Amino acid sequence: MSFSIGPSSAGMGPRSALDNFGNTDSKGGEVFNQKVVSRMLAYLKPHGWKMIAALILTLAESGLTLMAPYLTKIAIDDYIIPGNLDGLTNLSILIGLAYICIFFVSSGQRYLLSWVGQQVLAKLRSDLFRHLQRLHLGYHEKHITGVTVSRVINDVAEINELLSQGIITLIGDVVVLIGIIVIMLTMSPKLALFTFIVLPLMFLATWIFSRQARSAFRETRSKVAAVVGDLAEDINGIRAIQAFSREKASQERFEQVNRENRNAYINAMSLSYIFLPAIEFLGMLATVIVLWLGGYLVLENEVTLGVMVAFLNYVSRFFQPIQELSRMYTTFQSAMAGGEQVVKLLDTPVEISDKPGAIDLKVEKGKIQFKDVTFQYRSDSPIVLKNINLTIEPGKTIAVVGPTGAGKTTIASLIARFYEVTQGAIFIDDTDIRDVNQQSLRQQVRVISQEPFLFSRSIAENISYGIPDASMAQIEQAATQANAHDFISHLPEGYNTRVLEGGVNVSQGQRQLLSIARALLTDPRILILDEATANIDTVTEALIQDALARMLKGRTAIVIAHRLSTVRNADRVFVIDHGEIVEQGSHEELLAANGLYAALYERQFMD
Ligand SMILES: Nc1ncnc2c1ncn2[C@@H]1O[C@H](COP(=O)(O)OP(=O)(O)OP(=O)(O)O)[C@@H](O)[C@H]1O
Ligand SMILES: [Mg+2]
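All values reported here derive from a predicted model rather than from experimental measurement.

### As for the overall build of the chain
(1) Moving on: A count of helical and extended segments in the chain gives 21 helices and 10 strands.
(2) Moving on: Radius of gyration (C-alpha) of the chain: 35 Å, far over the 25 Å computed for a compact globule of 607 residues.
(3) Moving on: Its C-alpha atoms give the chain principal-axis dimensions of about 120 × 50 × 45 Å.
(4) Moving on: Residues counted as buried form 35% of the 607 residues belonging to the chain.
(5) Moving on: Of the contacts formed within the chain by residues at least 6 apart in sequence, a portion of 81% connects residues at least 24 apart.

### Remarks on the sheet that holds strand S1 (residues 368-376)
Sheets are built from strands paired through backbone hydrogen bonds, the pairs being either parallel or antiparallel.
(1) Moving on: The 4 strands lie next to each other as S2-S1-S4-S5, forming an open sheet whose pairing is antiparallel. Edge positions in the open sheet fall to strand S2 (383-392) and strand S5 (431-432), since each of these has one partner strand only.
(2) Moving on: The pairing of strand S4 (residues 423-428) with S5 spans 2 bridges and is classified as antiparallel. Across the sheet, the residue bridging to Phe427 is Asp432, located in S5.
(3) Moving on: Across the face of the sheet, helix H12 (residues 408-415) comes into contact with S1, S2 and S4 while running at roughly 115° to S1.

### Some points on the pairing of S1
(1) Moving on: Of the pairings in the sheet, the one linking S1 to S2 comprises 6 bridges and is antiparallel in character. Residue pairing for S2: Phe375 is matched across the bridge by Leu385.
(2) Moving on: By the bridge criterion, 5 bridges tie S1 to S4 in an arrangement that is antiparallel. Of the residues in S4, the one forming a bridge with Phe370 is Ile426.

### Quick look at the domain arrangement of the chain
The figure often quoted for interface size is the accessible area lost as the parts come together.
(1) Moving on: By the assigned domains, the chain splits into domain 1 (32-347) and domain 2 (368-605).
(2) Moving on: When each unit is reduced to the centre of its C-alpha atoms, the spacing between domain 1 and domain 2 is 56 Å.

### Observations regarding H12
(1) Moving on: Most of H12 is tucked away: 6 of the 8 residues are buried.
(2) Moving on: When H12 is considered as a whole, its buried residues turn out to be Lys408, Thr410, Ile411, Ala412, Leu414 and Ile415.
(3) Moving on: Among the residues trailing H12, Arg417 stands out with phi positive, at a value near 60°.

### Brief notes about the environment of Val224
(1) Moving on: The topology assignment puts Val224 in helix H8 (residues 198-236).
(2) Moving on: For Val224, a count of 19 C-beta atoms within 10 Å puts it in the partly exposed group.
(3) Moving on: Sequence spacing of Val224 and Val156 is 68 residues, and the spatial spacing of their C-alpha atoms is 14 Å.
(4) Moving on: Contacts of Val224, omitting those with residues within four sequence positions, involve Ser150, Asn154 and Asn261.

### So, the pairing of strand S10 (residues 580-585)
(1) Moving on: In this structure, strand S9 (residues 572-577) lies alongside S10, joined through 5 bridges in antiparallel fashion. In the strand pairing of S10, Ile576 is matched with Ile581.
(2) Moving on: Counting the residues that bridge the hairpin from S9 to S10 gives 2 residues, and of these His578 lies at a positive phi of roughly 50°.

### Re the confidence of the model for the chain
(1) Moving on: Residues with a pLDDT of 70 or more make up 93% of the chain, whose mean pLDDT is 84.
(2) Moving on: Contacts of residues 1-28 to residues separated by more than four positions or lying in other chains number 42 contacts, the stretch itself having pLDDT below 50.

### Section: the environment of Val227
(1) Moving on: Secondary-structure assignment places Val227 in helix H8.
(2) Moving on: For the pair Val227 and Asn258, spaced 31 residues apart in sequence, the C-alpha to C-alpha distance is 6.1 Å.
(3) Moving on: For Val227, the residues in contact, after removing those within four places along its chain, are Val257, Asn258 and Asn261.

### Considerations on the packing of helix H2 (residues 34-44) against helix H11 (residues 305-347)
(1) Moving on: One can describe the packing of H2 onto H11 by two numbers: an axis separation of 9 Å at closest approach and a directional angle of 75°. As the angle between them shows, H2 and H11 are arranged roughly perpendicular. Residues Lys35, Val36, Arg39 and Met40 of H2 lie in contact with H11, whose contacting residues are Met336, Gly339, Glu340 and Val343.
(2) Moving on: Residues that form the contact of H2 with H11 fall into these classes: 4 nonpolar, 1 polar and 3 charged.

### Describing the sheet that holds strand S3 (residues 397-401)
(1) Moving on: Ordered by their spatial adjacency, 6 strands build an open sheet running S6-S7-S8-S3-S9-S10, and the pairing between neighbours is mixed. Edge positions in the open sheet fall to strand S6 (445-448) and S10, since each of these has one partner strand only. Each strand of the sheet is rotated relative to its neighbour by a mean of 20°, with strand direction disregarded.
(2) Moving on: Of the strand pairs in this sheet, S6 and strand S7 (residues 526-530) are connected by 4 bridges, and their pairing is parallel. Among the inter-strand pairings, Arg446 is bridged to a residue of S7, identified as Leu527.

### Observations concerning the packing of helix H17 (residues 508-522) against helix H18 (residues 538-552)
(1) Moving on: The contact between H17 and H18 brings their axes to 10 Å, and the two run at 15°. Of the possible angle classes, the one that applies to H17 and H18 is roughly parallel. Here H17 and H18 pass one another in a crossing that is left-handed. For the pair H17 and H18, contact is made by Gly509, Gln512, Leu513, Ile516 and Leu520 and by Thr540, Leu543, Ile544, Ala547 and Met551, respectively.
(2) Moving on: Of the residues in the contact of H17 with H18, the class split is 7 nonpolar, 3 polar and no charged.

### What to know about unusual backbone geometry
Residues other than glycine predominantly adopt negative phi, and peptide bonds predominantly adopt the trans conformation.
(1) Moving on: Its identity is not glycine, yet Asp372 carries a phi of approximately 45°, on the positive side.
(2) Moving on: Residue placement: Asp372 occurs in strand S1.
(3) Moving on: Positive phi is not limited to glycine here, since His578 has a value of about 50°.
(4) Moving on: Structurally, His578 can be placed in the loop between S9 and S10.

### Observations concerning the nonpolar core
(1) Moving on: The biggest cluster of nonpolar side chains holds 71 residues, and the ones touching the most others in it are Val400 and Ala517.
(2) Moving on: The element that contributes the greatest number of residues to this core is H17, accounting for 7 residues.
(3) Moving on: When near neighbours in sequence (up to four residues on either side) are disregarded, Val400 contacts Lys408, Ile411, Ile558, Ile560, Ala561, Phe574 and Ile576.

Quick notes on the rules
Residues numbered from 1 in each chain as written. Chains lettered and ligands numbered in written order. Predicted model: local features only at pLDDT ≥ 70, side-chain atom pairs only at ≥ 80, totals over all residues. Helix = DSSP H or I, 4+ residues; strand = E, 2+ residues; numbered from the N terminus. Rg over C-alpha atoms; globule rule 2.2 N^0.38 Å. Buried ≥ 20, exposed ≤ 12 C-beta atoms within 10 Å, placed from the backbone. Contact = placed C-beta atoms within 7 Å. Pairing = 2+ DSSP bridges. Axes fitted to C-alpha atoms, helices over the stretch in contact; angles between N-to-C directions. Domains from an automatic or database assignment. pLDDT = per-residue confidence, 0-100. Parallel < 35°, antiparallel > 145°, perpendicular 65-115°, else oblique. Nonpolar A, V, L, I, M, F, W, Y, C, P; charged D, E, K, R; others polar. Left-handed = near helix turned anticlockwise from the far one by under 90°. Core = buried A, V, L, I, M, F, W, Y, C linked by C-beta atoms within 7 Å.

Shown next, in the form of structure tokens:
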């Protein structure tokens, strides 16, 4: 299977699909979302001790940071001015030690936080990946690959910033801020209050900034997802793009999302480029106030010189946490919105799940039965199969034929339970396939798909995909039975030749042979072969037929046939049209009936 978005969503580009995401996105932007926070905190739980250690280090760092300017004041007032050199030396050593402590404490804290952050990140991504693997095909068909990738990569990173750095830094900043205010008020209430004149301005600036930033940053999130979505789809469709010479159009489309993304970021960034200097300016203003008023108070002997120097020091530290807190405000918003998306994805129900106590399927005889099966891919999409009743006796091979879009591949997908029947039921050996666990079902029911998917690994690994610990001898045997051994031996590195992405270095016919080998190795009881529609040369055709004959022996098989030879060898032929069985019988009977089959035969199978 490729990454294509499926026939039903044809004409629906990544951008329109993104709108679905975008809509939910725009509901976000809260600073605090209880559900998201509690879900995400659970990820921190296993690292509780490390987080506590980081918190202690943060508090220690805050304490030391607060202490240093105060020590400077003591140095000036108690030692420099009275002229106590020994005392000054000792105190200087103490201040030096404090700074050394800050160095160690802050690097330890940073290390711990990034360590925890990366652990959480990895765990969250792996949980998302596990969940994505379990989500049924219907989900993946509806969602653009690139956008899903962006969720797992970008949104998770946003949350990480909040979880690891954010919370702890927030506590540290608040402690420093309150500490500075308290110390300043204690040292000189008058000077402190004058210095705080700038605070209302600062809060106003922060408030205006965060309101603007909220929408700006939200915009950047959906734009970056659009870029990833467009990129992924176009790279995936590069063959079509080049074949139709649409490079220019594709470039223009990309440039548009790229431009929008760039503008969104510039927009968000320029906000902070105005805001941060504004805060800095206010900080300078406060410094000037301290210098002027503080100087005056020193001259009037109302405060000591040490207090004034300490004030200058505190003021310069004061604005750092404020800047950081306002930055954090936007981090919180985008983390919450990212978190909402991640939680939503994690909570997407797995529609096709095993019933509690589902049994392992043990195929004894291999009878397959459809009872009144009606199916539609989605509740709002057309009915694809109508009232299908058919029974395949154990060990028999039936062929399913019909015009394109009739519903043949759908039948195959239903037997493997890639989708759930809408009405009716499918039985294997009289067991409803909804009552067995999916793994046991798919181990014994093997679907060789119309477009077999090859992974970009070696040929051998691709053949042994169903049984990863198969020996080389087993792999070669399966390849030999599938008539694939010959062409593989002629490849430059034989079984170790790497298949390129999308299997482009393997021809259509070879791909079929490989997938037959892959299925043969797993020795399934029931085999469904969805023949490739593409024309295959007569030599390969003969090889495939020969391999098929071997493979079908002793197995119950359904062959979705596009070739006359396959149909002829079948025990019974079912003709499907518009999701209904319109004719059935042997090849000869159907020809004699002179109905749809006869017409198809003339058009399709006769050369
Ligand atoms: N994943 C899907 N989601 C929604 N609709 C689908 C999906 N796959 C197929 N359909 C629709 O179901 C109908 C039957 O498709 P199906 O693939 O079963 O046809 P088919 O008989 O195998 O055709 P072909 O001979 O071309 O392979 C088509 O109308 C198709 O548009
Ligand atoms: Mg098909």
